[in-house]
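# Close look at the chain arrangement
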Amino acid sequence: KPEFTLDKLSGANTPMAFALNANYPNPFNPMTKISFSLPAAQDVKLSVYSLDGRLVATLLNETRGPGQHDVVWMGRDEAGHSAASGTYFYRLDAGPYSQVRKMTLMK
């Protein structure tokens, strides 16, 4: 089953399904890349949470078009302070889609 469809006008590959990929590297220090795919334009919110469910940082809160997207987290909270070593969750909400994954910050 194909994961992408070819746009006849631009020649670009557009993902056929929503996907939130594993961050890389993981574990990480001091930065990690989070990538995701959208089959169509969506309002996207990407947030990082601590193990106890507290919001650590909002990395993205905007409309993104179809395709593959990358966001880098520098291991900092909303106030710009370095986050502590440990396990975090990142959650992507994009239109009707939502997915959570786990990552580890090691210092």
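See the structure printed just above.
What this report covers is the structure whose coordinates are included nearby.

The rules behind each value
Residues numbered from 1 in each chain as written. Predicted model: local features only at pLDDT ≥ 70, side-chain atom pairs only at ≥ 80, totals over all residues. Heavy atoms only, no water. Helix = DSSP H or I, 4+ residues; strand = E, 2+ residues; numbered from the N terminus. Salt bridge = Lys/Arg side-chain N within 4 Å of Asp/Glu carboxyl O. Buried < 20%, exposed > 50% of the residue type's maximum accessible area, 1.4 Å probe, protein only. Contact = heavy atoms within 4.5 Å. Polar contact = N/O pair within 3.5 Å; in protein donor to acceptor, adjacent residues only side chain to side chain.

### Thoughts on unusual backbone geometry
- Cis rather than trans, the peptide bond between Y24 and P25 has omega equal to -5°.
- Mapped onto the elements of the fold, P25 is located in the loop between β3 (19–20) and β4 (32–38).
- With an omega of 5°, the peptide bond between N29 and P30 qualifies as cis.

### As for the pattern of salt bridges
- Counted by the stated rule, this structure contains three salt bridges.
- Note that D52 is salt-bridged to R54, the shortest N-O span being 3.0 Å.
- On the basis of relative accessibility, which here comes to 56%, the residue D52 falls in the exposed class.
- Of the charged contacts, one joins R91 and D93 as a salt bridge, the two residues approaching to 2.9 Å between their closest N and O atoms.
- Classification of D93 by relative accessible area gives partly exposed; the value is 24%.

### Quick notes on the environment of N26
- Considering the arrangement of structural elements, one finds N26 in the loop between β3 and β4.
- The spacing of N26 and L105 is 79 residues in sequence and 7.7 Å in space, taken between C-alpha atoms.
- Setting aside residues no more than four positions away along its own chain, N26 makes contact with K102, M103 and T104.
- Side-chain polar atoms of N26 contact the side chain of N23, separated by 3.4 Å.

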